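Structure at a glance
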Amino acid sequence: MTADKNDRKTRLTVLVALGANLLIAAAKAVAGVVAGSPALLSEAAHSVADSMNEVFLLAALRRSRRPADSRHPFGYGKERYFWSLLAAVGIFVMGGCFSFLQGIEALRSHEQESTGGYIVGLSVLGVALAAEGGSLLRALYQVRRQPGGIGHDPALRTVIAEDGTAVLGVLLAAGGMALHMVTGNVVWEASASLAIGLLLVYVAYRLGKEAREQLIGEAVDPELRDGIRGLLDEQPEIDNVASLLTMRLGMDSTLIAARIDLRPGLDSEDVELVSERIKGAIAKAWPEADQVFLDITDAPPHTAAEHRSHA
């Protein structure tokens, strides 16, 4: 229930961000064309990229909750990471690259550009700042109210990164346009476009790197891993924990695989009961550990004695 409730909150946060981005993308594009401002057009591309990414994140929220089936026995939790990776690519291609092109084109232009429409453009950026700031506050509010904060939710992390970057991008664009108006030098505005491009490329790199690590197969936090090992070590029937492997399968799904040596003298029925009890104890302490596999072996008498002597 908690996971579904968090998903509903995240979906609302993404929808708020999508609505804000669609509105201001249209306003920025029109104002950018009218004013002929490369920085404003860069911000329009930024908002379009963010809008596309919100659509990706909505798909991630819906598809990642599909139940496990024969082809995907561990579920579809990693769908979130896949769509988050696409969102990072969208930020890089649609936002960062277009901003670079706008900045370079402005630097190469030898014509004196008019700044007659810049007052309207700056007004649009003021509205955009309010909309992006409101969306960012909504996302930060969810993080504050959600147990565990931002945690490992790539959708929420992406929205916060996008909105935070959008606020900085608007400030850069406004600064570049204002300096262009005051000095009459387009270099200021071109520099703002290049700075927006660099900012977007950096954010895309960070989000893509995190999504890549999670798609490849990321282990749980050391604190959780140590807690599970500690629980196993405390079991009187376990003589030695030979290995413990973990991997996040999704937002609330984790794979735990442990090879444990049991003390000698346990019959097959006892081994089965011990195994089920340990799995139940892990699931009770950490509900997200829903895939627990124990490779149980009976420790030879001499091995058990040696282990106790070193303990």
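Residues numbered from 1 in each chain as written. Predicted model: local features only at pLDDT ≥ 70, side-chain atom pairs only at ≥ 80, totals over all residues. Heavy atoms only, no water.

Comments concerning the overall build of the protein chain
Our working definition: Counting from the N terminus, the helices are the DSSP runs of H or I reaching at least four residues and the strands are the DSSP runs of E reaching at least two. Three exposure classes are used, based on accessible area relative to the maximum for each residue type with a 1.4 Å probe and protein chains only: buried under 20%, partly exposed in between, and exposed over 50%. In this analysis, two residues are considered to be in contact whenever any of their non-hydrogen atoms come within 4.5 Å of each other. In this description, accessible areas are obtained by the Shrake-Rupley approach with a 1.4 Å probe, and a residue is regarded as covered only by the protein chains that are shown.
Each helix and strand in the protein chain was counted, giving nine helices and three strands. Reading the protein chain from its N end, one meets helices and strands in the order α-α-α-α-α-α-α-β-β-α-β-α. Across the 311 residues of the protein chain, 44% fall into the buried class. Excluding contacts between residues fewer than 6 apart, the proportion of contacts in the protein chain whose partners are at least 24 apart in sequence is 75%. Of the accessible surface of the protein chain, which amounts to about 15400 Å², a share of 63% is contributed by carbon and sulfur atoms.

What about the pattern of salt bridges?
Quick reminder of the rule: For this document, the term salt bridge refers to a Lys or Arg side-chain nitrogen within 4 Å of an Asp or Glu carboxyl oxygen.
Using the criterion set out here, one finds seven salt bridges in the structure. Across the pair E79 and R63 runs a salt bridge, and its minimum N-O distance is 3.3 Å. Of this pair, E79 sits in helix α3 (residues 79-108) while R63 sits in helix α2 (residues 38-63), and the two are 16 residues apart along the sequence. For R63, a relative accessible area of 27% gives the class partly exposed. Among the salt bridges present, the one from D252 reaches R65, with a minimum N-O distance of 3.0 Å. Separated by 187 residues along the polypeptide, D252 in the loop between β1 (238-250) and β2 (253-262) and R65 in the loop between α2 and α3 bring together distant segments of the chain. Of the residues examined, R65 reaches a relative accessible area of 30% and is grouped as partly exposed.

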